[in-house]
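An overview of the molecular structure
Residues per chain, in single letters:
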Amino acid sequence: MSQFETVIGLEVHLQLNTKTKIFCSCANQYGCPPNTNVCPVCLGLPGTLPVLNHQALLSGIKVGLALNAEINSFIKFDRKNYYYPDLPKGYQISQFDFPVAKKGFLNIKSGNQEKRIGITRAHLEEDAGKLVHDNSSNCSLADFNRTGTPLIEIVTEPDLRSPQEAYDYLNTLKLTLQYLGVSDCDMEKGSLRCDANVSIRPVGDTKLGTKTELKNMNSFRAVKTALEYEVRRHEQVILAGGKIVQETLLWNDEKAITITMRSKEQAHDYRYFPDPDLVPFTIDYKVIDGVRAELPELPQVKFIRFVSQYGLTDYDANILVADPGMADYFETSLKEYPHAKKIANWLGGPVLMELNNRKKSIGELKLSPKDLVVLIARVEDGVVSNLVGKEVLTAMLDEGKGADEIIKEKGLAQVSDDSSLMLIIDEVIAQNPAVVEQIKSGKPNAAGFLVGQAMKKSGGRANPKKLNELITRRITGA
Amino acid sequence: MSLHQLTAHALLDLIKSGKTSPKEAYADVLMRVLAVDPKVKAYVHMAHCEPDFSGAMPIPIAIKDNLCTKQEEITCASRILKGFISPYDAGVIERVKNSGGTILGIVNMDEFAFGSSCETSCYGPTYNPWNLECVPGGSSGGSAASVAADEATWALGSDTGGSIRQPASFCGIVGLKPTYGRVSRYGLIAFASSLDQIGPLTKDVRDCALLMNIISGYDQRDSTSVNEAVPDYTKALVNDVRGLKIGIPKEAFVEGLNGEVRQAVEDSLNLLKKLGAVIKEVSLPHTPYAVATYYIVATAEASSNLARFDGVRFGLRAQPASVRKNALVDMYEETRSKGFGDEAKRRIMLGTYALSSGYYDAYYLRGQKARTLIKNDLDEVFKDCDVIMTPTSPTVSFKVGEKISDPLSMYLSDIYTIPANLAGIPAISIPCGFSKSGLPIGLQLMGKAFDEEMLLRVSYTYEQNTEWHLKKPNL
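If you're wondering where the values come from, they're calculated on a predicted model, not measured in any experiment.

The next point concerns the overall build of chain B. Of the regular secondary structure elements, chain B holds 14 helices and eleven strands. The globule rule puts the C-alpha radius of gyration for 475 residues at 23 Å, and the 21 Å found for chain B is close to it. Taking all 475 residues of chain B together, 61% fall into the buried category. Counted over contacts in chain B with a minimum sequence separation of 6, partners at least 24 positions apart contribute 76%.

What follows deals with the domain arrangement of chain B. Residues and elements named next belong to chain B. Here the domain parsing of chain B yields domain 1 (3-244 + 383-470) and domain 2 (288-368). If you average the C-alpha positions of domain 1 and of domain 2, the two centres end up 27 Å apart. Listed by partner, the interface residues are 29 residues for domain 1 and 23 residues for domain 2. Within the residue set of the side of domain 1 that touches domain 2, elements represented by two or more residues are helix H12 (407-411) and helix H13 (418-423). A per-class count over the side of domain 1 that touches domain 2 returns 17 nonpolar, eight polar and four charged.

Attention shifts here to the sheet that holds strand S15 (residues 273-274) of chain A. Where strands meet in a sheet, backbone hydrogen bonds hold them as pairs that are either parallel or antiparallel. Residue and element names in this part refer to chain A. In space, the three strands of this open sheet follow the order S5-S4-S15, with antiparallel pairing throughout. Two strands in the sheet have a free side with no partner beyond their single neighbour: strand S5 (91-94) and S15. As defined by bridge partners, strand S4 (residues 78-81) adjoins S5 across four bridges and the pair is classed as antiparallel. Looking at the pairing, aspartate 78 lines up with serine 94 of S5.

All right, on to the interface of chain A and chain B then. Between chain A and chain B, the contact holds 24 residues from the first and 33 residues from the second. Residues of the side of chain A that touches chain B, tallied by class, amount to 15 nonpolar, four polar and five charged.

Right, let's get into the pairing of strand S9 (residues 139-143) of chain A. Residue and element names in this part refer to chain A. The sheet contact formed by strand S8 (residues 130-134) and S9 spans five bridges and is antiparallel. What sits directly across from valine 132, in S9, is leucine 141. Hairpin connection from S8 to S9: four residues lie between these consecutive antiparallel strands, with asparagine 138 at a positive phi of about 55 degrees.

Moving on, we get to unusual backbone geometry. Cis geometry is adopted by the peptide bond preceding serine 139 of chain B, which originates at glycine 138 of chain B and carries an omega value of 10 degrees. Locating serine 139 of chain B in the fold gives a position in the loop between strand S3 (102-107) and helix H4 (141-148). The residue arginine 271 of chain A is not glycine, and still its phi comes out positive at about 45 degrees. As for its placement among the helices and strands, arginine 271 of chain A is situated in the loop between strand S14 (257-263) and S15. Taking the C-beta count within 10 Å as the criterion, arginine 271 of chain A has 25 such neighbours and is therefore assigned buried.

All names here are of chain B. Taking strand neighbours across the sheet as the criterion, the eleven strands line up as S1-S3-S2-S4-S6-S5-S10-S11-S9-S7-S8 in an open arrangement whose pairing is mixed. If you trace the sheet from one side to the other, it starts and ends with strand S1 (43-46) and strand S8 (278-282), each paired once. Direction aside, neighbouring strands of the sheet carry axes that sit 30 degrees apart on average. Relative to strand S6 (residues 197-202), strand S5 (residues 174-177) runs antiparallel, the two sharing two bridges. Note that in S6 the partner of valine 174 across the bridge is threonine 202. Against the sheet, H4 engages S1, strand S2 (60-64), S3, strand S4 (154-159), S5 and S6, with an angle of about 155 degrees to S4.

Burial of strand S10 (residues 427-434) of chain B is extensive: seven of the eight residues sit out of reach of the surface. The antiparallel hairpin formed by S10 of chain B and strand S11 (residues 440-446) of chain B contains five residues in its connecting segment, where glycine 438 of chain B sits at a positive phi of about 90 degrees.

Once that is clear, we can look at the domain arrangement of chain A. Residues and elements named next belong to chain A. Domain annotation for chain A reports domain 1 (4-288), domain 2 (297-410) and domain 3 (418-476). Here the C-alpha centroids of domain 1 and domain 2 sit 37 Å apart. The partner domain 2 presents five residues to the six residues of domain 1 that form the contact. For the side of domain 1 that touches domain 2, the element with the most residues is helix H2 (residues 163-180), which contributes four residues.

Right, let's talk about the packing of helix H1 (residues 54-66) of chain A against H2 of chain A for a bit. All names here are of chain A. At a closest axis distance of 10 Å, the pairing of H1 and H2 adopts a crossing angle of 130 degrees. Taken together, the axis directions place H1 and H2 in an arrangement best described as oblique. Taken as a pair, H1 and H2 cross one another with a handedness that is right-handed. Across from Lys62, Val63 and Ala66 in H1, the residues of H2 making contact are Thr176, Leu177 and Leu180. For the contact of H1 with H2, the per-class residue count stands at four nonpolar, one polar and one charged.

Basis of the calculations
Throughout, a residue's number is its position along its own chain's written sequence, starting from 1. Here chains are named by letter from A upward and ligands by number from 1 upward, in the order in which they appear as written. For a predicted model such as this one, the threshold for reporting local features is a pLDDT of at least 70, and the threshold for listing and counting side-chain atom pairs is 80 or more; totals across whole chains, interfaces and linings nevertheless cover every residue. Put simply, DSSP H or I for four residues or longer makes a helix, DSSP E for two residues or longer makes a strand, and each gets a number counted from the N terminus. All radius of gyration figures rest on C-alpha atoms, and the globule criterion is 2.2 Å times the number of residues raised to 0.38. Exposure criterion: with C-beta atoms placed from backbone coordinates, a residue whose C-beta has 20 or more other C-beta atoms within 10 Å is buried, one with 12 or fewer is exposed, and one in between is partly exposed. For every residue pair, C-beta atoms are placed from the backbone, and the pair is scored as a contact if these atoms sit within 7 Å. Here the bounds of each domain stem from an automatic or database domain assignment. Classification used: nonpolar for Ala, Val, Leu, Ile, Met, Phe, Trp, Tyr, Cys and Pro, charged for Asp, Glu, Lys and Arg, polar for all others including Gly. One requirement defines pairing of two strands: DSSP has to find at least two bridges between them. Note on method: axes are straight lines fitted to C-alpha atoms, helices fitted across the in-contact stretch only, with angles between N-to-C directions ranging 0 to 180 degrees. Roughly parallel means an angle under 35 degrees; roughly antiparallel means over 145; roughly perpendicular covers 65 to 115; every other angle is labelled oblique. Two helices that cross are described as forming a left-handed crossing if the nearer one is turned anticlockwise from the farther one by less than a right angle, and a right-handed crossing if clockwise.

Following this line, the structure appears as structure tokens:
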């Protein structure tokens, strides 16, 4: 047991997927050729002025409500002043003393424990552009396409006590945000970014230790690894009698180390002040109530409902809820075919496997809930075996055809008629006299071996239930 | 009279009656520019595009060098913006073009509108048409001088602390700063966003109303513009002030007010009284703090507004001969050191200081509180007054170079005009006399928010009963 307690707080920057940017009418789009998705406003040309995209504000309120936060009906924007070539105006429009949401929380499960993580604040701001470093000409190029993309920054209280908890929080947060549909939450595209503040203190202390801030982690896994590294480093420094210096560090994923970016002394004075170009205003509580009314069912609530309403196991419910598309798919399928457990097994089993193999989301599959339940029904009715059913699924996805069509075309229907099966059974009995003797001497379980042999001979098409019945009857005469 | 000497409404009458054409009028004003601008130096450059003469109001107009005009180099009279060709039209420029306005060219100003004399321009000073040794006022000095010298029929300027009214006063013409939010700021290169407002500089009050009709109105690209119906301002031109209450703040007649200016204002007051207005002495107890308040709020906003001039995307970019810190920081420092003049640097430093951590509460926040008090004073007076009257400036124009090395005395030049910007209310300057030395004196009227009509009515009445506005400088 370590003598130190770890204290972590996270800052997540999330790009909101509004149609247009936050302060101009440029499309909010990823992946355009450099500097093609820009206008005088987001380029910060002289004389231009920002106009708030109302949709971005509504998304911000949505995030705040989902994080159980208080919504500030007084909407005010401030300027955060600093120089960087990717920041066209020399200041970022952000929210300083009136964040759109404050004092919220998110419940997470870490191991088997539930824990409430406090959300200090969530505020709206504009994203900066991007610098591309061109080593061949030893210069940097600025791409302003990303400039003005709406962001919400979600800041936690220092409530996380381990890198694993930080990891669990991020996954829960991401899932919640995906349910809200406000962002694609794709860390690779940079639509979700995370900075971490970490410190350690002797167990039992209430005063926070000196923290360091970690940047440049490009996956949740990297956040966890970087925090583990940094916690170890803090412990080593302190145990060696040293002091932690408050600084900002960059995580180097390749070398798996943190590198100093700037010290506290070099920290910026951002000179925040109210942006005079954006007049503060008050939003009607009806607008907030309207957003609240449209909030989707959030993952934790859905999980509880799936377990209680459909009698699913925690395991099944978890798999379904972990993907909002999957959860919806499940409930749509259920309307066609009211057997929750069976649908859950198929979705969590063969369907999930197909998704992983094909690297696709459920929405991208050529498989309607109606198609899927037809397949499940055929398996349940014994038309095809469970094993063949999986084959049928693969074929359905490859060819975009229905289950019945595939079964018919490929002749996969199970053989259930007695006369065809009896031919195979007689053959198997003749070849395995020893097993037959065992059954006769009162070991009916040995019949399973004969069923397997018969199954093989039928090319997997025989109905195993029926085989078992017929074999037992044949041997015992019962 | 020659075409270039005419007011816009007189010119329109001639055009309508077929006695002249828009093209002829434009050419005549251009000839005047060629003849006298080498002396006045109002223009920074002439327009690059031949205007369209087919519009309804084809009046030759001069544009201040901080109003973005498509395909024109717009520099705020600063080296740092040299080479910036605006790819778009400001809201007011669109309105002027839509009305048929014929743009003559871009006129001089104090660098980034920082100044009251037009001397801080990177192009050198503009001169007062009434006395070429004197300043035209500022920052819209080029706009005022061009109209006074008949080098433009009317002009657009911008006013952050008096930058339309003070040069109008120094040059003997009419200048109006509209209510904050009346005219779109979209495309106005910002000095202090919460104070800036674009407005007309004209030869008489009727022209002022006409140009206000063109430029006023809501613009969804400017969140601070107000969606309020725009009246026909010419309807306010009524020669009648009977029963109107004019407030005279006792704080206005203080030390530092030039005797001749004081006399001219008192004469004006008596004239309006004779015409039936009721004169009331009022008090604006917090106005002595106006200049200090202004120089905190305005410089704070300016320090941030000017951050975008960093050499990265447009205008000047400079790199020192050898590396000092690193290529990027060196570029920022060299560009901004070379690009900005002394006054711009002074104001950026003042504003940066006022916003700095640890000083914010003592300066910026306190400034904003003082601003509220000053606004409250004015609101209180307007409960029982239709307009407030003061001199526009405590002095007449001064010699070029006389105050340039004394920024404090230059700042006091705006002592009467600043409160209207802090409170966001409209204010006008109209000619009300001349000094013995032959320099114009201006009278300022302030009104309630969105009551430009009252200012126009009182000004029009005054103008109809005086002849100051008819006098022309000898050039």
